[in-house]
Amino acid sequence: MRSIYTFLFLISSFSISLAQTATLRGRITSDANAPVSFVTVQIVNTTLATMTNEAGHYELRNVPYGHHTVRVSSLEIHRQETKVTVNQPEHTHHVSVKLRSENELSEVQVVGKTEKKEIETTGFAVAIIETKEASLRNLNTNELLDRTVGVRVRQNGGIGSRVEYNLNGMSGSAVGLFLDGIEISTYGSSFNLNNIPPAMIERIEVYKGVLPSHLTGDYVGGAINVVLKKDASHNNITAAVSYGSFNTFQSDLSGIYRNQKTGFTARASGFYTHTDNSYTTWGKFSKYVHPDRTLERYYRAKRFNNEYESLGGRFEAGFTNVKWADQFFLGYNASDTYNEIPHGTTMARPYVGRFAEYQAHVFSLNYNKNNFLVKGMALNVNAVRSYRSTFVQDTVGQVYNWDGRPRMLIRNGVEIPVPPIAGMGQQGPKSMTEVNRQITNMRSNLAYTLTQGHRLSVNHKMETTARDDNDLLKPVDKNMVTVSDVMNNIIAANYEATFLNNKLKTNILGKYTFNRTTQTKPELIIQDGGNVVNRITHTSVNNNRGYGATISYNVFPKMYVIGSTENSFVMATESQLWGDPENNILENPGLIPEKNVNYNLGFRYGSVQKGKHKLTLYANTFWRNGFNKITLQAVENQIIQGRESDADIQVTKYVNLGKTQSRGFEGEVIYVYDNRLNALFNFSKFNSLFKLKYDEKGRPHDLYNLQLPNEPFFTVNGSVQYRMNDKLQKKSILNLYYNTGYVAPFRTVWMKSEWFTTPTQFYHDIGTSYRFPNGKMVVSADVKNLFNAEIYDNFGVQKPGRSISVKLNYTISKFL
């Protein structure tokens, strides 16, 4: 450990000796000497810029020595420029500005682009979710995504259940999930989007279709990239704790420290979640089997055997804004989860005694540097090594009903419990399955600006997964372990160019994918009167090429036409190939790559301001053609030896569906009044159809032109937020929230039947938050599903009814 500290000290000393820059800090005040918060402070003719905090303080790092002009600007103030000479490592520069009057404010047009606006006008079909307000409330990241245009979050129950993301009809392995540009699956089951609190997140990028170069991978339907907070301009610690219905307790803690002289930076965050998930179900898929085998639907029952508990932490240390690196971090993630499995893929019957435990230890390295070696070149490297283990136990053979008691039968006129079958668990033979994974994920991006407006970048991704499956109830024998390996190599290049005075932006990309899967399984054969283990190895290799392009044209001020297209392949993941026992997913090693040809065309207008009114409009149309689509099979009743009499053991697997086609459109309207009232409305509608006309024998296919099951195809979201200042206390902020959502009915399986159709869903949420005058403490309360509506997830699994929760946030913004 001492050698590590010595190494860090030497690096910091080295960075100091080479530093030719300074830190400029100060305070922005009004002519009445009051702090002016959230205004932009910029060094003119450079890319250095920041915003003041609530106390009016700002800090700019990496400012070159010499004479500079400091520009302070905002909608609420008159722009102010002052001169400053930087000639020492630490420099203080205060600025006094003049506030605009109400009449002046009504005439101001904001012309600068935020990072959100920059991303949204590059030609990609992308939505940016900012989490500042959500971090103060009792909302998780998946709930934010589910309110985003064109996004549907598909879970299999309450907190901790399996999640799949649907982007305009694309789901599964077609959609990438990233945490700071690295596949989130690398970090283990605990570090999922349900558990990462919005307080730890800077923004969420949702791409539909073509991906930018830094996210290039084995995806064709788009990606969700969660960007964690990294701003170390102010040392701070933030803590939050909440409690709500179903004995749900959640807490998170995060902190950032940076030594302004050396650039040494440390970031740490952690979370803890516990819930009983003991909500009541009563919908059409909730049923009870009577002793005479008759079925009672709409049975009201309280879920049990559904406890979930997760603990995780993340620590990073390194250097920021030093001469040799913009960012250099070494990190460690650890997580531990306990998750009871309450039922199979559907709610056909409850499971008892079936549970899963997960552990993950992840080591990471992140390095990025602009002007690397030469001016205009940028290097970004992310590398992760992950050790993950999953344990699933299923040793209880008794069959239960949704009232929490064993199923009964009538024998000789007497009701008795259904006898457990010897050697059986809830979902097949008794088992204690252990799955160990070792994952290496490396992603590097080298970009070079050829000339102003022209940029070339090359991206390489290499991911390997080594997986061992073992049943601990069987004698420990290395010859009986199933060993699986996946290697994925992707090389991609793209060329970005701007023309016509930056009005036209184009991006052309191409990629080459090499994928190899190998699995060795034991097979018992009888030889010379005894059992002999014969290990059989299957290897599959795939090579594919893909290409795509994006375009954005600024037709007139604040009006952008955006379009994109892609022709590419996606490989099956190791979970899709070899199953996930904890998620009731069977193996299917015969999966082949999925091909997709996608098109997007739309526009983004705004925000347009007139007086106190501000309006933003967005619309997009899309057309997706899929070949050998990899998707979850509409639920099959898997008949397991020894359970032939149980027709309600529900499992599923991934299959290649053949040819599919999705065409649709989406839109969004955002209205802001006086920076107090914010209203949002969005919708997405598409038809995702099975387009294989003939089966393998040349006969007309029965499913031709049918809507794909288990996919919501028409969704609507709306929300309103209203802010009131100086309520109860001066300088306090009170926010009121309302959210509503609508999902049209859709088939749960291919079969056309009332009992296999997920009904209309229409729900309402309300909430409030109160920020105390010091800005450090925020208290919030939320009521979700206010009217206790029936709402559903994957394969008709009912989601929680009405729930109430309260949350407390506290921030220490100044220390050390």
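Residues numbered from 1 in each chain as written. Predicted model: local features only at pLDDT ≥ 70, side-chain atom pairs only at ≥ 80, totals over all residues. Heavy atoms only, no water.

**Student:** It is not clear to me how the overall build of the chain should be interpreted in this structure. Could you clarify?
**Tutor:** Helix and strand counts for the chain stand at 5 helices and 51 strands. In the chain, the proportion of contacts linking residues at least 24 apart, taken out of those at least 6 apart, comes to 66%. Here the chain has roughly 36,300 Å² of accessible surface; of this, 57% comes from carbon and sulfur atoms. (Helix = DSSP H or I, 4+ residues; strand = E, 2+ residues; numbered from the N terminus. Contact = heavy atoms within 4.5 Å. Areas by Shrake-Rupley, 256 points an atom, 1.4 Å probe, with all protein chains shown as cover.)

**Student:** Before we go on, may I ask you to explain the packing of aromatic side chains in this structure?
**Tutor:** Centre-to-centre distance and the angle between the planes together describe a pair of aromatic rings. Scanning the model with the defined rule gives 21 aromatic pairs in all. Ring plane angle 40 degrees and centroid distance 5.5 Å describe the contact between Y338 and F355, whose orientation is recorded as tilted. Residue Y338 is located in strand β24 (residues 325-340), and its partner F355 is located in strand β25 (residues 354-370); the two are separated by 17 residues in the primary sequence. Residue F355 is classed as buried on the basis of its relative accessible area of 15%. Ring plane angle 70 degrees and centroid distance 5.9 Å describe the contact between F556 and Y605, whose orientation is recorded as edge-to-face. Separated by 49 residues along the polypeptide, F556 in strand β35 (residues 530-556) and Y605 in strand β37 (residues 594-610) bring together distant segments of the chain. Chaining the aromatic ring pairs together yields one cluster made of F264, F319, W324, F328 and Y367. The ring of F627 carries the charged tip of K595 above its face, separated from the ring centre by 5.8 Å. Directly above the ring of W623 sits R663, whose terminal nitrogen or CZ lies 5.9 Å from the centroid. (Phe/Tyr/Trp six-rings, centres within 6.5 Å; stacked < 30°, edge-to-face > 60°. Buried < 20%, exposed > 50% of the residue type's maximum accessible area, 1.4 Å probe, protein only. Lys NZ or Arg CZ within 6 Å of the ring centre and 35° of its normal.)

**Student:** What is the right way to look at the environment of Y673 in this model?
**Tutor:** Positionally, Y673 belongs in strand β43 (residues 659-673). Residue Y673 is classed as partly exposed on the basis of its relative accessible area, which comes to 32%. As a C-alpha pair, Y673 and H613 span 60 residues in sequence and 4.7 Å in three-dimensional space. Residues within four places of Y673 in sequence aside, it is in contact with K612 and H613.

**Student:** I keep staring at the environment of N656 and nothing clicks. Help me out?
**Tutor:** Residue position: N656 is located in strand β42 (residues 654-656). On the accessibility criterion, N656 (26% relative accessible area) is partly exposed. Counting along the chain gives 25 residues from N656 to T631, while the straight-line C-alpha distance between them is 6.6 Å. Other than its neighbours up to four places away in sequence, N656 contacts G590, L591, I592, N628, K629 and I630. At 3.0 Å, the side chain of N656 and the backbone nitrogen of I592 are in polar contact. Reaching out from N656, the side chain makes a polar contact with the backbone oxygen of N628 at a distance of 2.8 Å. (Polar contact = N/O pair within 3.5 Å; in protein donor to acceptor, adjacent residues only side chain to side chain.)

**Student:** Explain the side chain of R354 to me, please; I cannot follow it from the model alone.
**Tutor:** One can find R354 in strand β25. By relative accessible area, R354 is classed as buried at 4%. Separated by 2.6 Å, the side chain of R354 and the backbone oxygen of P581 make a polar contact. Other than its neighbours up to four places away in sequence, R354 contacts N305, E340, I341, V392, Q393, D394, Q426, Q427, P581 and N584.

**Student:** What should I look at first to understand the pairing of strand β36 (residues 559-570) in this one?
**Tutor:** Within a regular strand, side chains alternate between the sheet's two faces. In terms of residue burial, β36 counts as a mostly covered element, since 9 of its 12 residues are buried. In terms of strand pairing, β36 meets β37 through 12 bridges, oriented antiparallel. Of the residues in β37, the one forming a bridge with I562 is G602. (Pairing = 2+ DSSP bridges.)

**Student:** Even after reading the chapter, I still don't get the environment of E164, so can you show me in this structure?
**Tutor:** In this fold, E164 is placed in strand β11 (residues 163-167). By relative accessible area, E164 is classed as buried at 11%. For the pair E164 and N794, spaced 630 residues apart in the sequence, the C-alpha separation amounts to 8.7 Å. Beyond its immediate stretch of four places on either side in the chain, E164 contacts R152, V153, R154, S171, G172, L632 and Y654.

**Student:** Explain the sheet that holds strand β2 (residues 40-43) to me, please; I cannot follow it from the model alone.
**Tutor:** Two orientations exist for strands paired in a sheet by backbone hydrogen bonds: parallel and antiparallel. Taken together, the 4 strands give an open sheet; going across it, the order is β3-β2-β5-β6, and neighbouring strands pair in antiparallel fashion. With partners counted over all chains shown, the strands left at the sheet margins are β3 (49-51) and β6 (80-86), one partner each. Here the strands of the sheet are splayed against their neighbours by 25 degrees on average, with no regard to which way each runs. (Axes fitted to C-alpha atoms, helices over the stretch in contact; angles between N-to-C directions.)

**Student:** Even after reading the chapter, I still don't get the sheet that holds strand β9 (residues 126-130), so can you show me in this structure?
**Tutor:** Strand order in this open sheet of 5 strands is β9-β14-β15-β12-β13, and the pairing throughout is mixed. Each of the sheet's edge strands pairs with one partner strand only, and the pair in question is β9 and β13 (182-183). Relative to strand β15 (residues 222-228), strand β14 (residues 201-207) runs antiparallel, the two sharing 6 bridges. Looking across to β15, one finds that R203 is bridged to V227.

**Student:** Help me out: how do you make sense of the pattern of salt bridges in this one?
**Tutor:** Once their charged atoms are close, side chains differing in charge can pair, the charge on each being opposite to the other. One pass over the structure, following the stated rule, counts 23 salt bridges. Among the ionic pairs, R25 bridges to E90, the shortest N-O distance being 2.5 Å. Taken together, the residues R25 in strand β1 (residues 21-30) and E90 in strand β7 (residues 90-92) connect sequence positions 65 residues apart. Look at R25 and you get partly exposed, because its relative accessible area is 26%. (Salt bridge = Lys/Arg side-chain N within 4 Å of Asp/Glu carboxyl O.)

**Student:** Can you help me understand the nonpolar core in this one?
**Tutor:** Proteins that are soluble and globular tend to have nonpolar side chains buried together. In this structure, L145, L193, I196, I204 and V206 are the most contacted members of the largest nonpolar core, which totals 31 residues. Listing elements by their share of this core, those giving two or more residues are β9, α4 (141-146), β10 (151-155), β11, β12 (175-179), β14 and β15. Setting aside chain neighbours within four positions, we find I196 in contact with T141, L179, I184, F191, I201 and L228. Judged by nonpolar contacts, the second largest core, of 18 residues, contains Y58, L60, V72 and V86. (Core = buried A, V, L, I, M, F, W, Y, C linked by side-chain atoms within 4.5 Å.)

**Student:** Mind showing me how you'd approach the confidence of the model for the chain here?
**Tutor:** Any segment with low pLDDT has predicted coordinates that should not be analysed in fine detail. Across the chain, the average pLDDT comes to 84, with 89% of residues at or above 70. Here residues 102-113 is modelled with pLDDT under 50, and outside its nearest four sequence neighbours on either side it reaches 19 contacts, counting other chains as well. (pLDDT = per-residue confidence, 0-100.)

**Student:** Would you mind going over the pairing of β15 with me for this structure?
**Tutor:** Burial of β15 is extensive: 7 of the 7 residues sit out of reach of the surface. Of the pairings in the sheet, the one linking β12 to β15 comprises 5 bridges and is parallel in character. Looking across to β15, one finds that L177 is bridged to I224.

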